[in-house]
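What the coordinates show
Letter by letter, the chains look like this.
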Amino acid sequence: MKKLILTAVSLAAFTSMPAFAQSAAGAQLSVDQVTSDITLAREAYSRVHPGYTRYAKAADMEAAWTGIITEAKAKEGLTSGEFYLAVQKVLTLIRCDHTKAELPKALRQERNETPVYLPLRWQLVDQRALITLPVEALGLNVGDEILSINGRPLAAMIAEVESYIPYDGYTKWSRAGGVGESLEFMGGAVDHFGALLWDISPTATVEIKAVSGEVKTVQMERVTFDSWKTLGDAKASVRNFKDAVSYQRIGENAGYLKIDSFVNYRDPVKPDTLFRPIFKSIQAEGRDYLILDLRQNGGGSSDARMSLTANLLSEPLKAKKDMRVATLNLDGLRDHMSTWDKRALKPNPLGFKKNKDGTYSLRSFIDEDLRTLKPSKYAFNGKLIVLTSSTNSSGSTSLAATLKSHRDATLIGGRTGGSAEGPTAGLLFTLTLPESGIRTRVPFFRYYNNVKVFEPGLGMTPDINAPMTADAFLEGRDPAYDAALAFIEGKVE
């Protein structure tokens with residue numbers, strides 16, 4: 001294919017970029033500082049995390065923590081950037097999507113002073129890095145494919161950063177969603193971790209394969225994190241539950257309910273104020289089919305998920321069988337831990353029942369997740385179709401598993417992340433490592449979903465496999481939605 005070399009283009013919106021300075025490594029930490037932080041992290045996770053050895057062996061975790069100290073001794077200390085990468089890589093061994101580290105404050109601030117992000121949005125679709133928003137100033141269109149950055153094949157870059165992306169159990173495929181776009185890691189994994197792994201210059205040379213098949217090389221000025229976030233209404237943008245619910249009628253007999261997030265704590269609303277009019281109209285119009293599209297929903301708040309569940313039941317249901325914690329003893333850790341529910345820092349033993357394995361079960365009257373749900377007044381009892389994808393995890397996967405077990409539901413789309421059996425999630429502690437300033441997340445509860453069957457370590461496998469493919473994306477097709485319509489029409493079973 002013909003290669004074109006395009007001259008450097010500076011986007012007008014980013015002409016006030018600060019001069020580039022390679023300081024991504026951060027402050028230097030001594031061996032003693034590294035050892036102190038690792039000692040605290042190892043104690044907190046091994047004692048508090050309810051899934052610490054759910055998939056990993058205790059000996060392997062111990063060796064991984066010790067390996068960071070060994071590396072620090074060999075290098076006579078680590079930079080805060082090196083330490084962050086090392087801690088994050090250890091946390092991924094736990095294989096819990098809620099267990100991750102955040103950059104220390106100084107490095108977070110630097111992401112808005114030093115441009116390290118490509119000025120475009122892209123996603124990994126069918127193992128191809130496809131641009132999802134056009135960039136007119138660079139001559140880039142939706143569907144153009146990124147092949148390499150500064151001469152480094154993108155496939156090799158993705159392979160290197162994937163080890164830093166957490167996932168639940170054995171759902172490695174679910175990491176794809178965080179590679180190109182993710183606010184969890186201040187941008188997609190390639191830019192976020194790449195700024196610490198590789199030499200990053202303010203101007204990037206990017207090899208692009210256009211939709212037409214032509215290969216061209218484009219030089220582009222990198223941008224800061226704040227500028228990256230303004231690049232259109234991409235899926236990585238913050239979504240609140242109240243803005244993530246939409247409904248439309250399909251013909252005379254079906255409805256389409258799309259819910260892209262259950263996050264209802266940033267700008268909370270009463271979930272039923274959104275659901276009640278939707279389900280009331282579905283019942284009044286006598287619609288027999290409902291397509292529930294959860295494909296962009298990674299989870300969120302219990303109240304939103306539970307309210308939706310109640311609107312999809314025909315019989316009372318207890319969605320969770322159990323919620324367990326590993327310990328009630330946080331002595332020696334409280335000074336370094338915080339959470340939105342301060343009661344969790346000193347759990348009242350009366351609210352828990354001790355189990356034979358040494359864990360503690362939350363009593364059912366404490367949390368709404370353990371209470372029996374009654375069907376809502378306008379609950380839908382017809383044929384339910386749930387659209388799934390690898391983006392599903394945590395609450396959205398739990399919901400799909402519950403619906404599959406307890407009502408007439410057909411799953412269409414792609415394999416999910418998360419855990420059908422139940423994630424380690426719910427209330428999260430923030431552990432601050434004092435020497436480095438790195439903050440990490442420590443789940444407090446392990447959930448046990450009320451499901452009849454599950455695949456250990458896996459999410460949900462759809463009844464009808466119809467994932468998004470690169471060809472479908474380029475052609476503007478939606479395989480899962482199309483398959484749902486075909487199912488309603490009786491063309492597929």
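Residues numbered from 1 in each chain as written. Predicted model: local features only at pLDDT ≥ 70, side-chain atom pairs only at ≥ 80, totals over all residues. Heavy atoms only, no water.

Side note on the pairing of strand β9 (residues 203-209)
- Pairing of strand β7 (residues 145-149) with β9, which is carried by 4 bridges, proceeds in the antiparallel orientation. Within β9, the residue paired with Ile149 across the bridge is Val206.
- Two strands pair when backbone bridges link them, and β9 and strand β10 (residues 215-221) are joined in this way by 7 bridges, in the antiparallel orientation. When the bridges of β10 are listed, Thr203 appears paired with Glu221.
- In sequence, β9 turns back onto β10 through a hairpin of 5 residues, with Gly213 there showing a positive phi of about 105°. (Pairing = 2+ DSSP bridges. Helix = DSSP H or I, 4+ residues; strand = E, 2+ residues; numbered from the N terminus.)

Thoughts on the pattern of salt bridges
- Counted according to the given criterion, the structure contains 29 salt bridges.
- For Arg175, the salt bridge is made with Glu162, and the minimal N-O distance between the two is 3.6 Å. In this pair, Arg175 sits in the loop between α5 (154-161) and α6 (177-180) while Glu162 sits in the loop between α5 and α6, placing the two residues 13 residues apart along the sequence. Glu162 carries the same exposure label as Arg175, and that label is buried. (Salt bridge = Lys/Arg side-chain N within 4 Å of Asp/Glu carboxyl O. Buried < 20%, exposed > 50% of the residue type's maximum accessible area, 1.4 Å probe, protein only.)

Structural notes on the packing of aromatic side chains
- Under the criterion given, the structure shown has 13 aromatic pairs.
- Between Phe185 and Phe193, the ring centres sit 5.0 Å apart and the planes meet at 55°, which makes this aromatic pair tilted.
- Overall, Phe193 belongs to the buried group, its relative accessible area being 0%.
- Ring geometry for Phe275 against Phe279: centres 6.2 Å apart, planes inclined by 70°, an arrangement best described as edge-to-face. Linking Phe275 with Phe279, this pair stays in helix α9 (residues 271-284), spanning 4 residues, or about one helical turn. Considered together, Phe275 and Phe279 belong to a single accessibility category, that of buried residues.
- Put simply, the rings of Tyr84, Tyr164, Phe185 and Phe193 pair up and form one aromatic cluster.
- Of note, Arg121 hangs over the ring of Trp228, and the distance from its end group to the ring centre comes to 3.9 Å.
- Geometry around Trp173 places Arg415 over its ring, the cationic atom sitting 3.6 Å from the centre. (Phe/Tyr/Trp six-rings, centres within 6.5 Å; stacked < 30°, edge-to-face > 60°. Lys NZ or Arg CZ within 6 Å of the ring centre and 35° of its normal.)

Comments concerning the sheet that holds strand β11 (residues 245-250)
- Strand order in the open sheet formed by 6 strands is β11-β12-β13-β20-β21-β24, and the pairing between neighbours is mixed. What marks the edges here is a single partner per strand, and that holds for β11 and β24 (464-465).
- Taken strand by strand, helix α13 (residues 479-488) contacts β11, β12 (254-259), β13 (289-293), β20 (383-388), β21 (409-413) and β24, and its axis lies near 165° from that of β20. (Contact = heavy atoms within 4.5 Å. Axes fitted to C-alpha atoms, helices over the stretch in contact; angles between N-to-C directions.)

Brief notes about the packing of α9 against helix α10 (residues 302-310)
- As a packed pair, α9 and α10 sit with axes 9 Å apart at the nearest point and diverge in direction by 20°. It follows that α9 is roughly parallel to α10 by the angle criterion. For the crossing formed where α9 meets α10, the hand is right-handed. Within the contact between the two elements, α9 uses Pro271, Asp272, Phe275 and Phe279 and α10 uses Asp303, Ala304, Ser307 and Leu308.
- Partitioned by chemical class, the residues of the contact of α9 with α10 number 5 nonpolar, 1 polar and 2 charged. (Parallel < 35°, antiparallel > 145°, perpendicular 65-115°, else oblique. Left-handed = near helix turned anticlockwise from the far one by under 90°. Nonpolar A, V, L, I, M, F, W, Y, C, P; charged D, E, K, R; others polar.)

Thoughts on the environment of Ala472
- With respect to the helices and strands, the residue Ala472 is situated in helix α12 (residues 470-475).
- Residues Ala472 and Ser261, spaced 211 residues apart in sequence, show a C-alpha to C-alpha distance of 24 Å.
- Leaving out residues up to four positions away in the same chain, Ala472 has contacts with Arg477 and Pro479.

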